[in-house]
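# Summary of structural features
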Amino acid sequence: MDALTIHEAAATTGWSPRMLRYVERVGLVAPRRSSSGYRLYGAEELQRLGTLRELLERFDVGLGEMGFALRLRRDGELRGAVQAWFEAEPQRPADVSAADWLRFEQEKHQRLLATTKAAPQLTEIG
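Below, the structure is looked at part by part. All values derive from a computational prediction rather than experimental measurement.

## Structural notes on the nonpolar core
Within the largest apolar cluster, 16 residues are counted, with the highest numbers of intra-cluster contacts made by W15, L20, V23, L28, L49, L52 and L63. Broken down by secondary-structure element, the contributors of at least two residues to this core are helix 1 (6–13), helix 2 (17–25), helix 3 (43–59) and helix 4 (63–74). Beyond its immediate sequence surroundings of up to four residues, L63 is in contact with W15, M19, Y22, V23, L28, L52 and L56.

Here you go:
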C-alpha cells in the first residue's frame, strides 16, 4: 500500500483526524485524494506532519500561527500590510490635541467595537 487513510495516518502520526483536516484546510499539508474523494497520506505527507510537529514544539508555535506564516508567504498584499504595520509609528491626528489623544483613541475603539458587534446581526438578516 502506498498511502494511508486519514484514520490510519492519525494513528501513525498522533494527530487526530480532525487536526489532520485542519492542517489541510490551512494549507500546511495537501494529501492526495482517492477517486472516491478520500484523503490519502503517503510518505511525503507523513514526513511533513512529523517535521511540522517538531517545528511547533521547537519554537512553541501553534498551527494557526503556521497557517498565518504560510499566508504571509503566499499573499504579497497581506505581507506588505503586516510589514507596514510593524514599521508604522503612531501619530496623533492633527486636529486632536495631545491632551485629548487618549480619549479620542478610546472613543474610536468603542465605535469600532460597537460596529463589529452589530455586523453579525446585519449578515443574519440578509
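## Points about the pattern of salt bridges
This structure, assessed with the given rule, holds six salt bridges. Across the salt bridge formed by R33 and E24, the nearest N and O atoms sit 3.1 Å from each other. Relative accessible area serves as the criterion here: at 42%, R33 is assigned to the partly exposed category. Among the salt bridges present, the one from R103 reaches E107, with a minimum N-O distance of 3.3 Å. You can see R103 and its partner E107 sitting in helix 6 (residues 101–125), four residues apart, about one turn around the helix. When its relative accessible area of 33% is taken as the criterion, E107 is described as partly exposed. It is possible to trace a salt-bridge network through shared partners that takes in E24, R33 and R39.

## Quick notes on the environment of Y22
Relative to the elements of secondary structure, Y22 occurs in helix 2. For Y22, a relative accessible area of 25% gives the class partly exposed. For Y22 and G64, which are 42 residues apart along the polypeptide, the C-alpha to C-alpha distance reads 9.4 Å. In contact with Y22, other than residues within four places in its own chain, are L63 and G64.

Criteria and cut-off values
Residues numbered from 1 in each chain as written. Predicted model: local features only at pLDDT ≥ 70, side-chain atom pairs only at ≥ 80, totals over all residues. Heavy atoms only, no water. Core = buried A, V, L, I, M, F, W, Y, C linked by side-chain atoms within 4.5 Å. Buried < 20%, exposed > 50% of the residue type's maximum accessible area, 1.4 Å probe, protein only. Helix = DSSP H or I, 4+ residues; strand = E, 2+ residues; numbered from the N terminus. Contact = heavy atoms within 4.5 Å. Salt bridge = Lys/Arg side-chain N within 4 Å of Asp/Glu carboxyl O.

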